[in-house]
Every structure is written in structure tokens, then in C-alpha cells.
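Coordinate inspection notes
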Amino acid sequence: MDTLTSAVPIPVAGAGLPADLVLPTDATGVVLFAHGSGSSRHSPRNTAVARVLHRRSLGTVLVDLLTPEEERVDARTAELRFDIDLLADRLTAAVDWMRTEAALRRLPVGLFGASTGAAGALVAAARRSDTVAAVVSRGGRPDLAGPALTQVRAATLLLVGGLDEQVLTLNEEALAQLPEGVGELRVVPGATHLFEEPGTLDRVADDAADWFAGHLG
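Residues numbered from 1 in each chain as written. Predicted model: local features only at pLDDT ≥ 70, side-chain atom pairs only at ≥ 80, totals over all residues. Heavy atoms only, no water.

So, about the sheet that holds strand E4 (residues 58-63). Reading across from one edge, E1-E2-E4-E3-E5-E6-E7-E8 is the order of the eight strands in this open sheet, with mixed pairing throughout. The open sheet has two edge strands, strand E1 (3-12) and strand E8 (183-188), and neither has a second partner. For this sheet the average axis-to-axis angle between neighbouring strands, irrespective of direction, equals 20°. Pairing of E1 with strand E2 (residues 15-24) involves 10 bridges; the strand directions are antiparallel. (Pairing = 2+ DSSP bridges. Helix = DSSP H or I, 4+ residues; strand = E, 2+ residues; numbered from the N terminus. Axes fitted to C-alpha atoms, helices over the stretch in contact; angles between N-to-C directions.)

Quick look at the structure:
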């Protein structure tokens, strides 16, 4: 499989947020990743999912949602990782940037969010309903998207570990707020919040790849 791989700065909030772009030459869509609480574009779980998407002819953009200075503040306070408006602003700006890039502008866009990043992804999807066609949440906190849930038009898949009981309840509540026919909740048996159990992350990656391939084709 031939791919274009590059490190790109995404112009956001007066700074260039570092991002890693991987684009198969036969790409049928591109997925922007929103990492979870206290993580980064180097999240091993997200990069594992991204590799599966590449095999399905889907491009990926993994971006750091905080500047280095903000990351230092967040490491002390843990406050910015729960600033959903901030995360959504960054993701919305990244989606807008993707529409200006020659290699990406004609490709359907999906968002993959983990933990608090899933809430930011859903808010961004609501803001850019004419651009974002699909969303996948892995162990996410879609409830934190608040009123934006009712405005989401992108096909949304919520993936939650069967042993992650509190987050499962929050996802069930969020699903009820999505417009009819927009969302689907799938429970991964035997999985906890981080999908560390054997085979559970593979299931997430396969389900995400199927979802994006089906809705971005």
C-alpha cells in the first residue's frame, strides 16, 4: 500500500499544532483523531486504530489538541483536558484546515474521539454538519457534549467496554439525546475503560474501520 506520510502544523489559535498525516494513495476518506484526557497524538491506542484504518484505504490525521505550554499547565491542573469548548474549537479549526488542503479537501471527513476528545469531536461534528460525515467514540464521554448532541447529523458509533459501567451509563444517556437514526451504541464484552484486555482494542479498530468505510465511501 502506497501512502503519503508527513508531519504538518495545523494553524490554530495563533500557533501550529503538530499533527501526523498518513494518506493512502487510494484513500476514500480521512479521519481526524481527538485524543483523550492527558494523552497526545502519540496515543498507542489511537495509533493502533489508525493503522487498521490505513489498511482500509482511509487517511488519518492525529493532532495534539493542546500547545506545549498548555500541556504543561494541564499536567499540573488537569483542567484543559475537560475544557470541551476548547477541544471543540481546535477540532473545528482542524476540520476547516483539512478543507483547504489540496490532498484532503475532496475526501469525506470522519472524527474518532476517545474519552473527553469524543465530546469535542461531537461538538465539532455539530458545528460542521455539512463536512463531518461520521463519528466514532472509543470509551468516550459524549455526555460532555451537552446540548450539541441534538445537533449532530453525522453517523455516530459509540463503543464502550462492557466492564466500564459508569461510562456505559453515560453513553446510553447521550445516545438518547442524539437525533433518531444518527447514533448506535456497541458494547465490547469484557473490556474496561482503556480496552487493555486481549482482543478488545482489535475489536474497536475493526468496528471503527467498518463504520468509517461504510459512511465515508
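Here we come to the pattern of salt bridges. Scanning the entire structure with this criterion turns up eight salt bridges. Linking Arg141 and Asp143 is a salt bridge whose minimum nitrogen-to-oxygen distance equals 2.7 Å. Between Arg186 and Asp207 there is a salt bridge, with its nearest N and O atoms 3.7 Å apart. Residue Arg186 is located in strand E8, and its partner Asp207 is located in helix H6 (residues 200-216); the two are separated by 21 residues in the primary sequence. Owing to a relative accessible area of 23%, Arg186 belongs among the partly exposed residues under this scheme. Since its relative accessible area comes to 9%, Asp207 is described here as buried. Each of Glu184, Arg186, Arg203 and Asp207 takes part in salt bridges that share partners, so that together they form one network. (Salt bridge = Lys/Arg side-chain N within 4 Å of Asp/Glu carboxyl O. Buried < 20%, exposed > 50% of the residue type's maximum accessible area, 1.4 Å probe, protein only.)

For helix H1 (residues 44-55), built from 12 residues, the straight-helix expectation of 16 Å at 1.5 Å per residue is met to within 8% by its first-to-last C-alpha distance of 17 Å. Residue Ser57 follows H1 closely and has a positive phi angle near 65°. (Expected span 1.5 Å × (residues − 1).)

Summed over the entire model, instances satisfying the criterion amount to one aromatic pair. Where Phe33 meets Phe112, the ring centres are 4.9 Å apart and the plane angle is 35°; that geometry is what we call tilted. Note that Phe33 is positioned in strand E3 (residues 29-34) and Phe112 in strand E5 (residues 109-114), a separation of 79 residues in sequence. Each member of the pair Phe33 and Phe112 is classed as buried. (Phe/Tyr/Trp six-rings, centres within 6.5 Å; stacked < 30°, edge-to-face > 60°.)

This brings us to the pairing of E8. Two elements, strand E7 (residues 155-161) and E8, share six bridges in a ladder whose sense is parallel. Within the sheet, the bridge partner assigned to Val160 lies in E8 and is Val187.

Attention shifts here to the nonpolar core. Counting 43 residues, the largest nonpolar core has Ile10, Leu32, Leu104, Leu111 and Val132 as its most contacted members. Those elements giving two or more residues to this core turn out to be E1, E2, E3, E4, helix H3 (84-98), E5, helix H4 (116-127) and strand E6 (132-138). Per-element tally for this core: the top contributor is H3, with eight residues. Beyond its immediate stretch of four places on either side in the chain, Ile10 contacts Ala15, Gly16, Leu17, Ala19, Val61, Val63, Ala94 and Trp97. Judged by nonpolar contacts, the second largest core, of 26 residues, contains Val49, Ala134, Val136 and Val204. (Core = buried A, V, L, I, M, F, W, Y, C linked by side-chain atoms within 4.5 Å. Contact = heavy atoms within 4.5 Å.)

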